[in-house]
Amino acid sequence: MPIPIQSKARILIVDDDPNTRSDLLWMLKPMDYSVMCAKGLGRALLEDVVTTSRSFRPHVAIVDVRLLDEYRDDRSGIDLLKHLQSAQCILYSAYLTAEVVRLTRDEAVTWVSKSESPQRLLDEVASAVRRICATYKGLTRQLPLDWESQQIVDAIFGPGSDIPPDVVDDILGLLFSDSRQIVLRTVGDTAASLVFAARSHSVILRAWPGNRLEPLMVKLAPAGRIQTEADNYHQHIKGNLRGRFHTALDGEIATFWDLGGVLYSFLGASAQNLVTFARFYEEQTDPREIVKPLEHFFGTVCDDLYRHRIDLDQPLFYAYDRLFGLEKLLSDPTLAGEYLSLPGIPVSLPHPVPWVLQHKDSVIPNASQAVTHGDLHGDNLLVDGTYAWPIDFEHSGPGPILRDFVRLEVDILTRLVPIPQDDLSGFCRLCLAAVEPLELTTASEPVTRSLSGSQARKPLEVIRRLRRLAHKATGYADSQEYAWGLLLDALYTASLPSTSPSQKTRTLLLGAVLCDRLQHWGAEDWPPPDWLQVRLGAVAVDPDLAVIRDLLLAAFTESTLRQLVKYSSNQVLRKLELEFSATDGMIILVAKTIDYCQRHNLLRVLLDEVKRANPDQYGRFEPRLPNYGVTG
């Protein structure tokens, strides 16, 4: 149920005359305002105004024109207005000349002469308060269940900030200036929304002002970020999205001291039915359905943006550095070290931060740039199952053309995949499967041929389809451009203070695997043999592979398994014999066989060979064997 907003309007008095200050205090106190006077004289008074306004955050400021010299043409009060832009300012002076009025006409101030009736000043204060303070507008609002304005402030600015919670209500009042009632709901469940808010330092809510049936989306964030977002939207996005299904900023932004807000509407959508891509990914099991909204978004909505691509005239590292200050972020001493040592990873991995800094001048031929969204992770994309609508245009503008694709892929791999946080070995296998293909642009084979378990099949298939979209939409020619984009985005994510410790570890691990992949670009035998231990771990945790392992152990001896491979009717499977060594025991032979068949998409072929060689044992295990389709 919507509840009235109850907070006092804050009034700041700026006058060099102590008697005037006292008189104004005496006049305003009975009006139930919270009133404060700037202290001091001369320059000290001006400095106190700047300091006090930042902490007091007044709704209305009553400012004298002459604060330094009463007898000269002093305009120091006018100069202070730039520090009071969030407040409704009233110039209260005995020297309101035509020149003063002219100088402040563009400042949206009100003028009241000290020679006028005190009631005139009171009326102007009351009018100004009603324009900017939600309490005095009679605004009622209903926040999501268990939410309070203080929680929103803490999520955006961190616990312990001195920002009064009523600024949230004031921003809502400015955004919905024609409404007297607002109902607010989260996008998704409440708990997830609070977690995301704390990570992104912004809060996004669905809002129903008045009797509106279709909600708008309201974003609250620090005022400077909201202004940047609006500027980027109007400069780079507005008018450049195709089709009938895309996002539009609705009306003007609102800022009040530290906090800002912006409204979105979603052309062609019912905002009541939209969910974040992150939640959509979690709930859907079919990769084709997951990718469907992305196909329309990248293939239709963003088509004109990619058509206007231009050559990137610098290495990718410097393009990311220009956008995000990447080199400064990577100077964090917690990201240093020559090698990355992680529990459960038995191989030596290059630490991605020094590796990237050593190779930052690497040039990708024919790399290009275009206008992109710039921060397209799973919480910045809303979907309805068929179409997608992006939000948050703070980072929108010219940049590497693959930026949105790799941003989404990194988010899927390091945050959305439900591998347990402490299973770094399982996550490493997922990374190997994702980055092993030499040609990331190929349509069907790459990331499906090294599946590391049932949990990995969904993300790998989504990634495969996402990469196909990237190639179709942008026409990029060199897979190293995509791999470098993944690496740089992973490091950017790892360097953000808001990234959780578990995601930071995963992004660094993904980055390490990508560094080794790029270091050995062109090698057909990547990953190197000493990484076999990581890959063999898949047999222990994947029930499908464990059944195949048990079948091979039951059906063969060391010599008969070697013969099965050597005399296989499949030419590719016969090459597995070259990976066997004379000292390999049965366990290693079985593990190598499964690993090899995974990498070459031969598990179905292997099972068919086993069925012919030992039908009795195959029959025992057949009810538990995974279905890998039909050979040929």
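Predicted model, so just to flag it, every value in this text is computed and none were measured. (Residues numbered from 1 in each chain as written. Predicted model: local features only at pLDDT ≥ 70, side-chain atom pairs only at ≥ 80, totals over all residues. Heavy atoms only, no water.)

### Side note on the overall build of the chain
Secondary structure assignment for the chain yields 28 helices and 21 strands. Burial statistics for the chain: of 632 residues in total, 57% are counted as buried. Residue pairs in contact within the chain that sit at least 24 positions apart in sequence constitute 71% of those at least 6 positions apart. For the chain, the accessible area works out to roughly 27,200 Å², and carbon and sulfur atoms hold 49% of it. (Helix = DSSP H or I, 4+ residues; strand = E, 2+ residues; numbered from the N terminus. Buried < 20%, exposed > 50% of the residue type's maximum accessible area, 1.4 Å probe, protein only. Contact = heavy atoms within 4.5 Å. Areas by Shrake-Rupley, 256 points an atom, 1.4 Å probe, with all protein chains shown as cover.)

### Some words on helix H26 (residues 586–599)
With 14 residues, H26 ought to run about 20 Å at 1.5 Å a step, and its terminal C-alpha atoms sit 20 Å apart, in line with that. Among the 14 residues that make up H26, 12 are buried, leaving the element largely enclosed by the rest of the structure. Trailing H26 by a residue or two, asparagine 601 shows a phi angle of about 55 degrees, which is positive. (Expected span 1.5 Å × (residues − 1).)

### Structural notes on the sheet that holds strand S5 (residues 88–93)
Sheet architecture is open: five strands sit in the order S3-S2-S4-S5-S6, paired in parallel fashion. Edge positions in the sheet fall to strand S3 (34–37) and strand S6 (110–113), since each of these pairs with one other strand and no more. Each strand of the sheet is rotated relative to its neighbour by a mean of 20 degrees, with strand direction disregarded. Where strand S4 (residues 60–63) lies against S5, four bridges are found, and the strand directions are parallel. Opposite alanine 61, over in S5, you have cysteine 89 as the bridge partner. Packed onto the sheet, helix H1 (residues 18–28) meets strand S2 (10–14), S3, S4 and S5 and runs at close to 160 degrees relative to S2. (Pairing = 2+ DSSP bridges. Axes fitted to C-alpha atoms, helices over the stretch in contact; angles between N-to-C directions.)

### Observations regarding the nonpolar core
One finds Phe277 and Phe405 to be the most contacted residues of the largest nonpolar core, which totals 109 residues. By residue number, the principal contributor to this core is helix H20 (residues 479–495), which donates 10 residues. Ignoring sequence-local partners within four residues, the contact set of phenylalanine 405 consists of Phe298, Tyr306, Leu466, Leu469, Ala470, Ala473, Thr474 and Tyr482. Judged by nonpolar contacts, the second largest core, of 70 residues, contains Leu45, Phe56, Leu139 and Leu263. (Core = buried A, V, L, I, M, F, W, Y, C linked by side-chain atoms within 4.5 Å.)

### Section: the packing of aromatic side chains
For any two aromatic rings, the description comes down to two numbers: the centre-to-centre distance and the angle of the planes. What the rule picks out here adds up to 16 aromatic pairs. Residues tyrosine 233 and phenylalanine 393 carry aromatic rings whose centres are separated by 5.3 Å and whose planes lie at 55 degrees to one another, so their mutual orientation is tilted. With tyrosine 233 in helix H10 (residues 223–237) and phenylalanine 393 in the loop between strand S20 (388–390) and strand S21 (397–400), this pair connects stretches of sequence that are 160 residues apart. Residue tyrosine 233 is classed as buried on the basis of its relative accessible area, which comes to 5%. (Phe/Tyr/Trp six-rings, centres within 6.5 Å; stacked < 30°, edge-to-face > 60°.)

### Observations concerning the confidence of the model for the chain
A low pLDDT means the predicted coordinates there should not be read in detail. Of the residues in the chain, 89% have a pLDDT of 70 or more, and the chain-wide mean is 85. Per-residue pLDDT, averaged within each element of the chain, yields its smallest value for helix H9 (residues 190–200) (50) and its largest for helix H17 (residues 403–416) (96). Predicted confidence is poor over residues 442–453, with pLDDT under 50, and the contacts of this stretch with residues over four places away or in other chains come to 34 contacts. (pLDDT = per-residue confidence, 0-100.)

### Some words on the side chain of aspartate 64
Here aspartate 64 lies in the loop between S4 and helix H3 (76–80). The buried category is assigned to aspartate 64, whose relative accessible area is 3%. There is a polar contact of 3.4 Å between the side chain of aspartate 64 and the side chain of serine 93. Once you skip the residues sitting within four places of it in the chain, aspartate 64 turns out to touch Val14, Asp15, Asp16, Gly77, Tyr92, Ser93 and Lys114. (Polar contact = N/O pair within 3.5 Å; in protein donor to acceptor, adjacent residues only side chain to side chain.)

### What about H1?
If you check which residues of H1 are buried, you get Thr20, Arg21, Leu24, Met27 and Leu28. Across the axial projection of H1, the buried residues extend over an arc of 130 degrees, all falling on one side. Across H1 from its buried face, at more than 90 degrees, point the exposed residues Asn19 and Trp26. Buried residues belonging to H1 abut S2, S3, helix H2 (43–56), S4, S5 and helix H5 (118–132). (Arc of directions from axis to C-beta.)

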